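A structural walkthrough
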Amino acid sequence: MTDTDFPGIAKRRAEILSDLAGLSETPPTLVAVTKTQPDGALEEILAAGQRVFGENRVQEAYAHWADRRADYPDLELRLIGPLQSNKSEDAVRLFDVIETLDRPKLCRELAKAEEKTGQKRQYLIQVNTGEEPQKAGVAPDGVEELLRTARDQGLEVVGLMCIPPVEEPAGPHFALLAKIAHRLGLTQLSMGMSADYDIGARFGATHVRVGSALFGPRDYTA
Ligand SMILES: *Cc1c(COP(=O)(O)O)cnc(C)c1O
């Protein structure tokens with residue numbers, strides 16, 4: 001991406017926000033996914049007023065945000081990529097919300113990290129709605145048990161997140177996620193990306209995670 005692309009970011013953000021406002025009475029929060037983005041793109045979207053960001057990798061998130069936090073105290077940082085348990089403490093220090101809770105061991109490590117750092121964070125459970133073997137997330141019938149484990153460890157779980165299989169329509173997956181969340185009394189629903197944030201909004205997403213539709217195509221898949 002060249003510098004001349006940056007001015008388009010504010011315009012695309014405004015268009016996406018307007019789309020979202022037209023789709024739902026309570027439009028989802030736009031989470032701008034900044035993985036692989038250069039500093040110029042971050043500065044441009046901050047200047048446009050964006051404050052909620054999603055990152056896939058703990059290390060890259062530090063490079064992007066550790067220093068900028070001081071200038072933007074109202075930032076909200078959300079981890080949307082898989083978390084190795086040995087990075088739990090780093091993740092708890094930086095992120096406000098971790099969307100990818102998916103196994104008991106991670107619950108234990110995050111609880112330890114909260115205790116050590118004195119920081120309480122919020123969590124979403126990632127659900128593998130398509131039950132794809134290679135994908136992170138707990139199977140739909142395992143959500144309740146993981147929720148219990150997380151709460152036993154003192155973690156504040158507020159919602160669910162999913163990434164539907166690429167080759168399937170997203171709607172049924174979002175409907176399933178919403179149904180499980182409703183049954184368990186969880187309020188946050190992180191579902192919908194560049195290709196399907198409109199569908200997410202229609203199915204009751206509270207957060208949509210949008211990268212390429214804001215910033216243009218990434219140089220490589222992260
Ligand atoms: C990269 C990523 C996104 C954003 O993807 P786009 O298709 O570029 O909008 C959303 N969610 C997760 C979990 C991602 O890894």
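Structural notes, computed from the coordinates. It should be emphasised that the depicted structure is a prediction, and the values quoted were computed from it without experimental measurement. (Residues numbered from 1 in each chain as written. Predicted model: local features only at pLDDT ≥ 70, side-chain atom pairs only at ≥ 80, totals over all residues. Heavy atoms only, no water.)

What follows is about the pairing of strand β5 (residues 122-127). Within β5, 5 of the 6 residues are buried, which leaves it mostly tucked inside the rest of the structure. With 3 bridges connecting them, strand β4 (residues 97-101) and β5 associate as parallel partners. Within β5, the residue paired with V97 across the bridge is Q122. This β-α-β element, β4 to helix α6 (residues 104-117) to β5, shows right-handed connectivity. Judged from the 6 bridges that link them, β5 and strand β6 (residues 156-162) form a sheet pairing that is parallel. Looking at β6, one finds that I125 is bridged to L160. Each parallel crossover has a hand, and for β5 linked through helix α7 (residues 143-152) to β6 it is right-handed. (Buried < 20%, exposed > 50% of the residue type's maximum accessible area, 1.4 Å probe, protein only. Helix = DSSP H or I, 4+ residues; strand = E, 2+ residues; numbered from the N terminus. Pairing = 2+ DSSP bridges. Right-handed = clockwise from strand over helix to strand, strands pointing away.)

A word on the packing of α7 against helix α8 (residues 171-184). Following both chains from N to C, one finds α7 and α8 inclined at 50 degrees, their axes separated by 11 Å at the closest point. It follows that α7 is oblique to α8 by the angle criterion. For the pair α7 and α8, the sense of crossing is right-handed. Counting all contacts with α7, which are made through V143, E144 and L147, the residues of α8 involved are I180, R183 and L184. Considering only residue class, the contact of α7 with α8 consists of 4 nonpolar, no polar and 2 charged. (Axes fitted to C-alpha atoms, helices over the stretch in contact; angles between N-to-C directions. Parallel < 35°, antiparallel > 145°, perpendicular 65-115°, else oblique. Left-handed = near helix turned anticlockwise from the far one by under 90°. Contact = heavy atoms within 4.5 Å. Nonpolar A, V, L, I, M, F, W, Y, C, P; charged D, E, K, R; others polar.)

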